[in-house]
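# What the coordinates show
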Amino acid sequence: MSHSTSTGPLGPGDHVVVLTGAGISADSGLATFRGGGGLWEGHRVEDVATPEAWARDPATVWRFYQLRRAALLEVEPNAGHRALFELESAASERGVGFTLITQNVDDLHQRAGSTVIPMHGQLQRLRCETCGHFQDGLEYLDTETFLPCSQCGDPSLRPDIVWFGEMPYDLDAIEVAMSSVTHFLASGTSGAVYPASGLLSAARSVGAQTFVNALDAPENLGHKDVFLEGSASQVLPQWVASCLRG
Ligand code: OAD
C-alpha cells in the first residue's frame, strides 16, 4: 500500500475522530459479536438485541444482559483503551480536537479515563420504560428478578442498550464531529452495522486521512484507507505514538 501509515505529527486545527468496536475490548477478554461462528456468547445477536425479543421473552434478555453486566467486573482496560486516553490528553494540550465514539456497551474506555460517546448505550446503565429514569451502577446483578425503578417504583427497567431497529444515541454530536474531522480511525469494528459503519466513508468524503485497525479487513474498507492489521492493544499504542511524534 502506498499510503503513509503515519498521521502526524498532529497540530492545531486537526481533529481526530476515533470509532471503536468490540475488537478493542477483545484483548481485555470480552467476546466480539461476529467472531466464533457469528454467535454472541452462544446467542444470535438478533435474539437478545431487539425490542421484539424483549417483548417476547424479557426473562431471557434480562438474564443475558445481567450476565454481561457481571462480566464487566472481571475485566480491565487494555493498552488500546489506554493509548486512546493518552491521545485525548495530549490532543487537548496541543489544541488538537479529539472525539472518541464507541459502539461498545462496556465501560472500558470510561475506566481508562476517556470521554466517550457510547452510541449503542451502556451496560452499566438501566433505563425505566415507564418514566424514562436512568439508573447507573453494577450493584444489582440478579439474573432472575427485574429491578424496580428507584424513581417511579415500576419493575420496568431495561438494559440501556440500543437494540436493532432503535435509534443510536448522540447522532447530532457525531455529525458535528464528523464535519470537521481531519484524521479518522476505526478500530475493532467489522463495519457491518449502520450508521456507525457509514462514518468511515463520511470521513473520506470530507477529505480526512482514514485508518482502519482490525484483525481482518472489515466490510467497509476502502482503497484509500490505511489498514493497520493486528490487535488493538498492539497497534493503537504505535498509532498514537505516530500521531504525537510523526
Ligand atoms: P464485530 O464483532 O462485528 O467485529 C469485531 C471486529 O473486531 C472484527 O473486524 C475483528 O477483525 C476485529 N477484532 C477482533 N479482535 C480484535 C483485536 N484484538 N484487535 C483489533 N480488532 C479486533 O463488532 P462490532 O463491529 O463492534 O450493536 O459490532 C457492531 C455492533 O454489532 C455492536 O455494537 C452491536 C452489534 O450488534 C449493538 O449492540 C447495538
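Residues numbered from 1 in each chain as written. Predicted model: local features only at pLDDT ≥ 70, side-chain atom pairs only at ≥ 80, totals over all residues. Heavy atoms only, no water.

### Details of the site of the ligand
If you check the shell around the ligand, you find 24 residues, and the closest are Phe33, Val162, Thr189, Ser190 and Ala232. Protein burial of the ligand: of its 790 Å² of free accessible surface, 94% is covered by the chains. One can see that the ligand is located within the largest pocket. Of all the elements in the fold, those that place two or more residues in the shell around the ligand are helix 1 (22-26) and strand 8 (209-214). For the shell around the ligand, the leading source of residues is helix 1, giving three residues. Residues of the shell around the ligand, tallied by class, amount to ten nonpolar, eleven polar and three charged. (Near = heavy atom within 4 Å. Areas by Shrake-Rupley, 256 points an atom, 1.4 Å probe, with all protein chains shown as cover. 1 Å grid on protein atoms, 1.4 Å probe; cavity = no way out; pocket = protein on both sides within 12 Å on 5 of 7 lines; lining within 4 Å. Sits in = over half its atoms within 2 Å of the grid points. Helix = DSSP H or I, 4+ residues; strand = E, 2+ residues; numbered from the N terminus. Nonpolar A, V, L, I, M, F, W, Y, C, P; charged D, E, K, R; others polar.)

### Regarding the pairing of strand 4 (residues 121-128)
Of all the eight residues making up strand 4, six are buried; the element is thus mostly covered by neighbouring parts of the structure. Bridge count between strand 4 and strand 6 (residues 157-161): five bridges; the pairing is antiparallel. Within strand 6, the residue paired with Cys128 across the bridge is Leu157. Across three bridges, the pairing between strand 4 and strand 5 (residues 134-136) is antiparallel. Following the sheet pairing, Leu126 is matched in strand 5 by Gln135. Between the antiparallel neighbours strand 4 and strand 5 lie five residues, among them Gly132 with a positive phi of about 85°. (Buried < 20%, exposed > 50% of the residue type's maximum accessible area, 1.4 Å probe, protein only. Pairing = 2+ DSSP bridges.)

### Observations concerning the pairing of strand 7 (residues 183-187)
In terms of burial, strand 7 is a largely internal element, five of the five residues being buried. In strand 7, alternate side chains face the same way, and those of His183, Leu185 and Ser187 on one face and Phe184 and Ala186 on the other are all buried. Of the strand pairs in this sheet, strand 1 (residues 15-20) and strand 7 are connected by five bridges, and their pairing is parallel. Along strand 7, the bridge assignment pairs Thr20 with Ser187.

### Brief notes about the sheet that holds strand 1
One open sheet accounts for six strands, arranged 3-2-1-7-8-9; its pairing is parallel. The sheet is open, and its two borders are formed by strand 3 (117-118) and strand 9 (226-229), each paired with just one other strand. With four bridges joining them, strand 8 and strand 9 adopt parallel strand pairing. The residue of strand 9 that forms the bridge with Asn213 is Leu228. Where helix 5 (residues 79-94) meets the sheet, its contacts fall on strand 1 and strand 2 (97-102), and the angle it forms with strand 2 comes to roughly 155°. (Contact = heavy atoms within 4.5 Å. Axes fitted to C-alpha atoms, helices over the stretch in contact; angles between N-to-C directions.)

### Brief notes about the packing of aromatic side chains
Two aromatic rings are characterised by how far apart their centres lie and by the angle between their planes. Enumeration according to the criterion identifies six aromatic pairs in this entry. With a centroid separation of 6.0 Å and 85° between ring planes, the pair formed by Trp54 and Phe146 is classed as edge-to-face. With a gap of 92 residues between them, Trp54 in helix 3 (residues 51-56) and Phe146 in the loop between strand 5 and strand 6 connect regions that are remote in the sequence. For Trp54, a relative accessible area of 11% puts it in the buried group. Classification of Phe146 by relative accessible area gives partly exposed; the value is 29%. (Phe/Tyr/Trp six-rings, centres within 6.5 Å; stacked < 30°, edge-to-face > 60°.)

### What about the sheet that holds strand 6?
Sheet architecture is open: three strands sit in the order 5-4-6, paired in antiparallel fashion. Looking along the sheet, the strands with just one partner apiece sit at the ends: strand 5 and strand 6. Across the sheet, the mean angle separating the axes of adjacent strands is 40° when strand polarity is ignored. Seen against the sheet, helix 4 (residues 58-72) touches strand 4 and strand 6 and runs at an angle of roughly 135° to strand 4.

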